[in-house]
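# Observations on the model geometry
Single-letter residue listing:
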Amino acid sequence: MPYLGSEDVVKELKKALCNPHVQADRLRYRNVIQRVIRMPKLDQWGQAEVLNFLLRYQPRSEEELFDILNLLDSFLKSSSPGVVMGATKLFLILAKKFPHVQTDVLVQVKGPLLAACSSESRELCFAALCHVRQILHSLPGHFSSHYKKFFCSYSEPHYIKLQKVEVLCELVNDENVQQVLEELRGYCTDVSADFAQAAIFAIGGIARTYTDQCVQILTELLGLRQEHITTVVVQTFRDLVWLCPQCTEAVCQALPGCEENIQDSEGKQALIWLLGVHGERIPNAPYVLEDFVENVKSETFPAVKMELLTALLRLFLSRPAECQDMLGRLLHYCIEEEKDMAVRDRGLFYYRLLLAGIDEVKRILCSPKSDPSLGLLEDQAERPVNSWASDFNTLVPVYGKARWATISKYQGAERRGPELPNTASFATPGPLIPEESKETVQELPDSEVLMLVPSCQLTAEDFEKTWFSLKVAHQQVFPWRGAIHPDTLQMALQVVNIQTIAMSRAGAHPWKAYLCAQDDTGCLFLTELLLEPESSEMQISVKQNEPRTETLNSFISVLETVLGTIGDIKS
Amino acid sequence: MISQFFILSSKGDPLIYKDFRGDSGGRDVAELFYRKLTGLPGDESPVVMHHDDRHFIHIRHSGLYLVATTSENISPFSLLELLSRLATLLGDYCGSLSEGTISRNVALVYELLDEVLDYGYVQTTSMEMLRNFIQTEAVVSKPFSLFDLSSVGLFGAETQQSKVAPSSAASRPVLTSRSDQSQKNEVFLDVVERLSVLIASNGSLLKVDVQGEIRLKSFLPSGSEMRIGLTEEFCVGKSELRGYGPGIRVDEVSFHSSVLLEEFESHRILRLQPPQGELTVMRYQLSDDLPSPLPFRLFPSVQWDRGSGRLQVYLKLRCDLPPKSQALNVRLHLPLPRGVVSLSQELSGPEQTAELGEGALRWDLPRVQGGSQLSGLFQMDVPGLPGPPGQAPSTSAPLGLGPASLSFELPRHTCSGLQVRFLRLAFRPCGNANPHKWVRHLSHSDAYVIRV
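Residues numbered from 1 in each chain as written. Chains lettered and ligands numbered in written order. Predicted model: local features only at pLDDT ≥ 70, side-chain atom pairs only at ≥ 80, totals over all residues. Heavy atoms only, no water.

### A look at the overall build of chain A
Note the threshold: Segments assigned H or I by DSSP are reported as helices when at least four residues long, segments assigned E as strands when at least two residues long, and all are numbered from the N terminus. The buried label applies to any residue whose accessible area, calculated with a 1.4 Å probe on protein chains only, is under 20% of its type's maximum; exposed applies above 50%, and partly exposed to all values in between. The method behind every accessible area is Shrake-Rupley, applied with a 1.4 Å probe, and residues are considered shielded solely by the protein chains displayed.
Scanning chain A from terminus to terminus reveals 27 helices and six strands. Taking all 571 residues of chain A together, the buried fraction comes to 49%. Accessible surface for chain A amounts to roughly 27500 Å². Of this, 52% is attributable to carbon and sulfur atoms.

Next up, the structure:
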């Protein structure tokens, strides 16, 4: 138990928060809470623990809420970062229904957070930066006036620089865009290639709102003719013209000449795509593509070849005379000599498409050249604070949402799951009957071992008839998370000789399945699996045509094992 | 909270390992951590790592790794704060924190950990409470004595030497044997400022930031009250005005929770009863508005002949400190373009050195007097350098001639102008010796970058 100043405090706190009867008595609970909050003698660890406990409290009236918030105010100014962040989180969670209070708190915590971002301790700096990014998702303008604090310093470790660049990208506004862009421009020529590339991508992010200035900077960067810079700039251009068609002209003027500097797969794909889609505005597009076609035999990346096929066909539609010959050569190579099947298939497809006539080709290949609405969809619309308030001051912002999702899935599986059992043992689960009652079950000598026979051939109509004639022998719920993969489930059930009569499509709401199994004594097990939308449990209903509890239990355990294993292997 | 805590040396050798919860599952967690740390891809942060079902959080302090593992989703700030506090405590108890001192004091460290953490929960980290429980004595490599100073004044005479203590004076263990009264009661007060500056290539100032701390290391018995007086004209925030001059200003101030602030508003005096050991009394920061000019200005000029591959860099460094001050251990680090072959140099002073190493130029100036100007001319051969095309020798910097960063120390100088006027002890602790008070002001560079 954490040491909170004295034994009495600990006792009172335990009483207050664990005893349901105390919770029911509003007045006593409130007094206890207030007494705890007024503890001045706690050290920073005790204060952090108390703040953590208080997260569980639900204030019952607005008055109570603001009372508590007033008492907690002093903790926001503590010199210990753990206490300040704990108090902030408590504020954010308690004031769920009052967004203006939440915004106030975030303003108050700006100072300590910025101080932590410039702290000597790199680790503290990193944690603070992750939380700043979290806040920026909801309040993009929050740190805009303090952009200078997020300029990268030469000696900082790489992971801190990356975070700072992301923050800079997110806090851009009209007043600071000039300085921020200049700073990022400086980073683009940094010695470290990774960092330079991150800075260029950040400029690409800002370009969605401040297109002209960013395109100008990116064009200048192309002039340096550095391989690692050029490839990323071209990729950024490709993403940009899709979202901001107004910059297409400038991009097309900048492109000629950069093909000499690109060697990697991503960069080549981006360049080829641009040449294909906007080739009519780029004078030497066919000649650049011709270079690629000449060298297609030595091209190592199949993705580049695929992109080349599509781009050349598109360009052929707008400039047929220049492209006809090389298109023919490319198709010939892809169909006759290419070893990668995906490329060959695409070549064949285009060839047959061409045979179908030029109008067909135009109809299929002339897709829209840009989709600005995608930018609006993709843009992280300001998320309400409540969506991440419970993650504040935990490890979640430090890892990032994506990584945290994989970690928690992994942790969940670990805690639940044994390893995938040997398939041979599937049909013979361990004995369910305890040892002592084996003697009493004399009449069914092999009841502990359930042998399901593979030859349960029941037609759908028979199943339906039998289903409606029987009563439910056993019903239970099984915890389930996430989506169902029917094929995997079906195959796994097949292994244990449970036949699937009918199964809903993946993603159907509600999802149902009907299964049938027969054991060697002829006893039929008919099962229904039901998964409601938004539910974390699957309902299992089993009907048996002969009332035998032991075999029923064995069957249930087999089914549970299969479902459990499937649940763990989610793609 | 914490499952395991361990300390590794900079090479990954475990020095201390303590398992609080016994849930390591039989694995060598320390080994796991080090392997994961060294194998981490470049863009992932090593601060918090995840493996199997546990999180590893660590800090680096004096070259050592202090690592805590946990399987719960707890506050990173609390955990990092705990690790820092443990580092400070260990430093207080063992004198300083390093591989040597830890290996000599293993028993003491384990005893400390036992008292500080119980089943992974923090019990207390305050020196006050701990001293009642810790029995082991610290082992030091050699006992510290002021007699180690080379010249000793005659009994009673105050020579220059006795006013100066070596910088290692404060790094002795705090709680030595209780019966030993002959140890001097001392208190060390440091005002340390970190200066971060960013200057653009056209000479304009992009960013200036000063982070300051007032740190106290007390060997006095706890309970001795002390008062620290700061400069009276020191203002907090942009709107306050005190005194007649432009005053000394900081943007924000924060204090340790045990500091009493009644006299702060009126006379800028801080009152506190510090426990033994290290304590950060006050933290402050100042941006964008330094009262004094920046300590260094660099005027680079670059001549680059692309045809012959000859690069000539002339650096003029001007020190704008007041004439009586000086800067120590000044080092200028200038990254160079790839493929620099040779270096010839002409430096303006005899004690300066310059050398080429790891793709960068390092120019060392041990001592720079205020108001002086130093220059160095460096000529290099850089064959085959890409950059803006053009045949004529150009004055624009080639790619890879990176920003120059300066590192230096400014003793007896604070960039913000804040000074400690006095340090008074309210009552004499038991023991006859007059407690010694050492006050030091120091600024050093955090990241002083000048773009070329």
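### Digging into the interface of chain B and chain A
What counts here: Here a residue-residue contact requires only that any non-hydrogen atoms of the pair lie within 4.5 Å. Summed over both partners, the accessible area (1.4 Å probe) lost when two parts come together is defined as the buried area. Salt bridge, as used here, is a side-chain nitrogen of Lys or Arg placed within 4 Å of a carboxyl oxygen of Asp or Glu. A 3.5 Å cut-off defines polar contacts: any pair of N or O atoms within that distance qualifies, except that in protein one atom must be a possible hydrogen donor and the other a possible acceptor, and neighbouring residues in sequence count only when both atoms are side-chain atoms.
Across the boundary between the two partners, chain B contributes 61 residues, which contact 50 residues of chain A. Summed over both sides, the interface of chain B with chain A buries roughly 4800 Å², with 57% coming from carbon and sulfur. Between the two partners, chain B and chain A, sit five salt bridges. Between Glu183(A) and Arg451(B) there is a salt bridge, and its shortest N-O distance comes to 2.9 Å. Seen at the junction of chain B and chain A, the total is 14 residue pairs in polar contact (both at pLDDT 80 or more). Broken down by element, the residue count for the side of chain B that touches chain A peaks at seven residues, all from helix H2 (residues 76-94) of chain B.

### Let's talk about the pattern of salt bridges
Summed over the entire model, instances satisfying the criterion amount to 37 salt bridges over all chains. In this structure, the salt-bridge partner of Glu120(A) is Arg215(B), at a minimum N-O distance of 3.6 Å. Of this pair, Glu120(A) sits in the loop between helix H8 (110-117) and helix H9 (122-138) while Arg215(B) sits in strand E9 (residues 205-218), on two different chains. For Arg215(B), the salt bridge goes to Glu213(B), with nearest N and O atoms at 2.7 Å. Arg215(B) sits in the partly exposed class, given a relative accessible area of 25%. By relative accessible area, which is 14% here, Glu213(B) ends up buried. Salt bridges here are not isolated pairs; linked through shared partners, they connect Glu120(A), Arg194(B), Glu213(B), Arg215(B), Arg283(B) and Asp446(B).

### Observations regarding the side chain of Asn176(A)
Residue and element names in this part refer to chain A. Checked against the element boundaries, Asn 176 lands in the loop between helix H10 (158-170) and helix H11 (177-188). Residue classification places Asn 176 among the buried residues on the basis of a relative accessible area of 1%. Within the structure, Asn 176 has its side chain in polar contact with the backbone oxygen of Leu 171 (distance 3.4 Å). Excluding its chain neighbours within four sequence positions, the residues that come into contact with Asn 176 are Ser 144, Tyr 147 and Leu 171.

### Side note on the environment of Ser367(A)
Residues and elements named next belong to chain A. Tracing the backbone through its elements, the reader meets Ser 367 in the loop between helix H21 (358-365) and helix H22 (372-378). For Ser 367, a relative accessible area of 39% gives the class partly exposed. Taking the C-alpha atoms as reference points, Ser 367 and Arg 314, separated by 53 residues in sequence, lie 9.9 Å from one another.

### Concerning the pairing of strand E1 (residues 4-8) of chain B
Residue and element names in this part refer to chain B. As a reminder of what qualifies: A strand pair is defined by DSSP finding two or more bridges across the two strands.
Counting buried positions along E1 gives five out of five residues, so the element sits mostly inside the fold. Residues Gln 4, Phe 6 and Leu 8 point to one face of E1 and Phe 5 and Ile 7 to the other, with burial holding for every one of them. Relative to strand E2 (residues 14-19), E1 is paired through five bridges, and the arrangement is antiparallel. Looking at E2, one finds that Phe 5 is bridged to Lys 18. What sits between the antiparallel neighbours E1 and E2 is a turn of five residues, in which Gly 12 has the positive phi angle 95 degrees. Across five bridges, E1 lies against strand E5 (residues 64-70) in antiparallel orientation. Within the sheet, the bridge partner assigned to Phe 6 lies in E5 and is Val 67.

### Points about the sheet that holds strand E22 (residues 373-381) of chain B
Residues and elements named next belong to chain B. Threshold: Lines fitted to the C-alpha atoms define the axes, with helices restricted to the stretch that makes contact. Angles between their N-to-C directions range from 0 to 180 degrees.
Judged by pairing direction, the sheet is antiparallel, and its four strands sit side by side in the order E16-E17-E22-E19 without closing on themselves. At either end of the open sheet lies a strand with only one pairing partner, and these are strand E16 (296-305) and strand E19 (343-347). Across this sheet, the average inter-strand angle for adjacent strands is 15 degrees, counted without regard to direction. Pairing geometry for E19 and E22, over five bridges, is antiparallel. Its bridge partner lying in E22, Leu 347 is registered against Gly 376.

### A word on the nonpolar core
The cut-off we apply is this: Throughout this description, the term nonpolar core refers to a set of buried Ala, Val, Leu, Ile, Met, Phe, Trp, Tyr and Cys residues connected via side-chain atoms within 4.5 Å.
Grouped together as the largest cluster of nonpolar side chains are 158 residues, with contacts concentrated most on Phe150(A) and Leu184(A). Sorting elements by how many residues they give to this core places H2(B) first, with eleven residues. Discounting residues that sit within four places of it in the chain, Phe150(A) has contacts with Leu114(A), Cys117(A), Leu129(A), Val132(A), Phe143(A), Lys164(A), Val167(A), Leu168(A) and Leu171(A). Formed by 40 residues, the second largest nonpolar core is a distinct cluster that contains Leu298(B), Val313(B), Leu401(B) and Leu410(B).

### What to know about the packing of aromatic side chains
Threshold: Any two of the Phe, Tyr and Trp rings considered here, Trp counted by its six-membered ring, make a pair once their centres fall within 6.5 Å; the pair's planes then place it as stacked at under 30 degrees, edge-to-face at over 60, or tilted in between.
Overall, the coordinates contain 25 aromatic pairs over all chains when judged by the stated rule. For the ring pair Phe463(A) and Tyr514(A), a centre distance of 5.9 Å and an interplane angle of 70 degrees mean the geometry is edge-to-face. Taken together, the residues Phe463(A) in helix H25 (residues 460-469) and Tyr514(A) in strand E4 (residues 511-519) connect sequence positions 51 residues apart. The buried category is assigned to Phe463(A), whose relative accessible area is 5%. Here the aromatic cluster, defined as three or more aromatic residues joined through ring pairs, consists of Phe6(B), Tyr17(B), Phe33(B), Tyr34(B), Phe56(B) and Tyr65(B).

### Some thoughts on the domain arrangement of chain B
What counts here: All the domain ranges listed were derived from an automatic or database domain assignment.
Domain annotation for chain B reports domain 1 (4-131), domain 2 (186-291 + 414-444) and domain 3 (296-382 + 399-411). Using C-alpha coordinates to define each centre, domain 1 of chain B is positioned 41 Å away from domain 3 of chain B.

### Brief notes about the sheet that holds strand E10 (residues 226-230) of chain B
Residues and elements named next belong to chain B. Taken together, the three strands give an open sheet; going across it, the order is E14-E10-E24, and neighbouring strands pair in antiparallel fashion. The open sheet is flanked by strand E14 (269-272) and strand E24 (420-425), the only strands paired with a single partner. Going across the sheet, the axis of each strand differs from the next one's by a mean of 15 degrees, ignoring polarity. Note that E10 and E14 share four bridges and pair antiparallel. Note on E14: the bridge partner recorded for Arg 227 is Arg 271.

### Considerations on the environment of Leu240(A)
Residue and element names in this part refer to chain A. Assignment of secondary structure puts Leu 240 in helix H14 (residues 227-243). Among the residues examined, Leu 240 registers a relative accessible area of 2% and is labelled buried. With residues near it in sequence (within four places) discarded, Leu 240 still touches Gly 204, Ala 207, Arg 208, Val 215 and Cys 247.

### Points about helix H26 (residues 486-495) of chain A
Residue and element names in this part refer to chain A. Operational definition: This arc describes the spread of directions from the helix axis toward the C-beta atoms.
Regarding H26, the residues found buried are Pro 486, Leu 489, Ala 492 and Leu 493. On an axial view of H26, the arc spanned by its buried residues comes to 130 degrees, and they lie on one face. Facing away from the buried side of H26 by over 90 degrees, the exposed positions are Asp 487 and Met 491. Following H26 by one or two positions, Asn 497 has its phi on the positive side, about 65 degrees.

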